[in-house]
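Single-letter residue listing:
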Amino acid sequence: MADVTHEPAGTVADELFDKYLLPKAALAVILAASLVGTALTLDLTGQWSPVLALAKWGYFVALGVLLGGLLWKHGFVRPGDVDAAADYCAEMYRRFDRLAVGALAVLAVTGVALLTVVYADAPLTLRAALAIALGATVSTGAIDTFDDAPVPERFRTLAGVLALVGAVLTVALSATADVALAGGGAVPAASRAIHLLAFAAWVGGAVWNIFVAVPTGQLRPTPPVVQAAGEQLERFRWTVRFVIPTLVATGIYQAVDALGTSIGTYVGTTVGLAVLAKLGFIAVLFTIFLACPMWRACSPIDGVCDLAEMDREVGD
């Protein structure tokens, strides 16, 4: 099947913007919700300040970009994609590498700031473990990012897998440090770790989809590219199906653990209103997630939102 015939640039640009507005809105909402959550966590430990809130938020967003991006790079991409759509995968890797350089830089700077300021009163062994995990994530992530070998040789490399594992450990240890500072135990720490891992998987996957997969697929939307893009997007959507209830359940648990169950606490205090605002953000995300496939707005690459339809077109 030949390359897709392109419509006039202005018409295509308008159509793609309208078609891809919901995923972009979802990313903006989840980033706003995470900023509220970060500020809330700092407030509960008596460390609130705008500078620390932005630094910690940048830290977790950078971790999310790396964790979710590496999950897509070495998980959602499959060996068949590398074989059938090698140029597509190569271009995606190049685009993500540029994002990863920025994320690694932000993570290194904010990580040092958090270890020396926000987590300064956390147990020494916990801080040491976090420092090791953070250093391993940055170093192996840099090796994976600056590797210029052909895509088949870069797929699921040791450095890439170690960077993904390091990012997961860094998120979990950071969550444990947050709970330790608030005087919590093992169950609250596990709940926060799961909450932050769900956030990281979503925000990193959303960044990859919007800034890596879509612009790459639009360059040359051939059948193998559309097939690979659609299958990868569906793997991400299945991840989000687990992420949403996980965020809701762990978020409610953390709120009740910190503030109790009195309605007055939630509607009569700034902290309580922040919790309600974050739950509202998640409700908006859930609505967007349901609306995207109904409006065929999950991707502006024709055929990606409906693989069955694409298969019929290829077979004609």
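Structure: see above.
If you're wondering where the values come from, they're calculated on a predicted model, not measured in any experiment.

Trainee: Could you give an account of the packing of helix α5 (residues 86–118) against helix α9 (residues 186–219), naming the residues involved and the relevant values?
Mentor: Interhelical geometry of α5 versus α9 gives an angle of 140 degrees and a closest axis separation of 9 Å. On the basis of their axis angle, the class for α5 and α9 is oblique. Relative to α9, α5 is oriented so that their crossing is right-handed. For the pair α5 and α9, the contacting residues are Y88, E91, M92, Y93, R95, F96 and L99 in the first and V207, W208, F211, V212, A213, P215, T216, G217 and L219 in the second. Among the residues making up the contact of α5 with α9, the classes are represented as twelve nonpolar, two polar and two charged.

Trainee: Run through the packing of aromatic side chains, naming residues and quoting values.
Mentor: Inspection of the entire model under this criterion finds six aromatic pairs. The interplanar angle of 35 degrees and the centroid separation of 5.5 Å between the aromatic rings of W72 and F236 together place this pair among those described as tilted. Pair noted here: W72 is in helix α3 (residues 50–76) and F236 is in helix α10 (residues 223–259), with a separation of 164 residues, a long-range link. For the residue pair W72 and F236, the accessibility class agrees, reading buried in each case. With a centroid separation of 6.5 Å and an interplanar angle of 55 degrees, the aromatic rings of F76 and F236 are classed as tilted. A residue pair is termed long-range when its members are at least 10 positions apart, and F76 in helix α3 and F236 in helix α10 qualify at 160 residues. Residue F76 is classed as buried on the basis of its relative accessible area of 8%. Overall, F236 belongs to the buried group, its relative accessible area being 7%. Through a chain of ring-to-ring contacts, three or more aromatic side chains come together here, namely W72, F76, F96, W208 and F236. Sitting over the face of the ring of Y93, K73 holds its NZ or CZ atom 5.0 Å from the ring centroid.

Trainee: Tell me about the pattern of salt bridges, and name the residues and values.
Mentor: Side chains carrying opposite charge are able to pair once their charged atoms draw close together. Applying the stated rule across the entire model yields eleven salt bridges. One salt bridge connects E91 with R94, and the closest N-O pair in it is separated by 2.9 Å. With E91 and R94 both in helix α5 and three residues apart, this pair spans about one turn of that helix. Exposure remark for R94: the relative accessible area of 43% places this residue in the partly exposed category. Close ionic contact of R192 with D178 constitutes a salt bridge, the shortest N to O distance being 3.0 Å. Here R192 is found in helix α9, whereas its partner D178 is found in helix α8 (residues 158–181), with 14 residues between them in sequence.

Trainee: Would you mind going over the packing of helix α6 (residues 124–146) against α8 in detail, with residue names and values included?
Mentor: For the pair α6 and α8, the least separation of the axes is 8 Å and the interaxial angle reads 150 degrees. Here α6 is positioned roughly antiparallel relative to α8, judged by the angle of their axes. The two elements α6 and α8 meet at a crossing, and its hand is left-handed. When its residues are assigned to classes, the contact of α6 with α8 shows 14 nonpolar, eight polar and one charged.

Trainee: Summarise α10; cite the residues concerned and give the values.
Mentor: Over its 37 residues, α10 extends 53 Å from the first C-alpha to the last, a length consistent with the 54 Å expected when each residue adds 1.5 Å. Positive backbone phi, at 85 degrees, marks G260, one or two positions downstream of α10.

Trainee: Give a description of the environment of L40 that names residues and reports values.
Mentor: The residue L40 is located in helix α2 (residues 21–44) in this model. Overall, the relative accessible area of 15% leaves L40 in the buried class. Look past the residues within four positions of L40 in its chain and what remains in contact with it is V271, A274 and V275.

Conventions and cut-offs
Residues numbered from 1 in each chain as written. Predicted model: local features only at pLDDT ≥ 70, side-chain atom pairs only at ≥ 80, totals over all residues. Heavy atoms only, no water. Axes fitted to C-alpha atoms, helices over the stretch in contact; angles between N-to-C directions. Helix = DSSP H or I, 4+ residues; strand = E, 2+ residues; numbered from the N terminus. Parallel < 35°, antiparallel > 145°, perpendicular 65-115°, else oblique. Left-handed = near helix turned anticlockwise from the far one by under 90°. Contact = heavy atoms within 4.5 Å. Nonpolar A, V, L, I, M, F, W, Y, C, P; charged D, E, K, R; others polar. Phe/Tyr/Trp six-rings, centres within 6.5 Å; stacked < 30°, edge-to-face > 60°. Buried < 20%, exposed > 50% of the residue type's maximum accessible area, 1.4 Å probe, protein only. Lys NZ or Arg CZ within 6 Å of the ring centre and 35° of its normal. Salt bridge = Lys/Arg side-chain N within 4 Å of Asp/Glu carboxyl O. Expected span 1.5 Å × (residues − 1).

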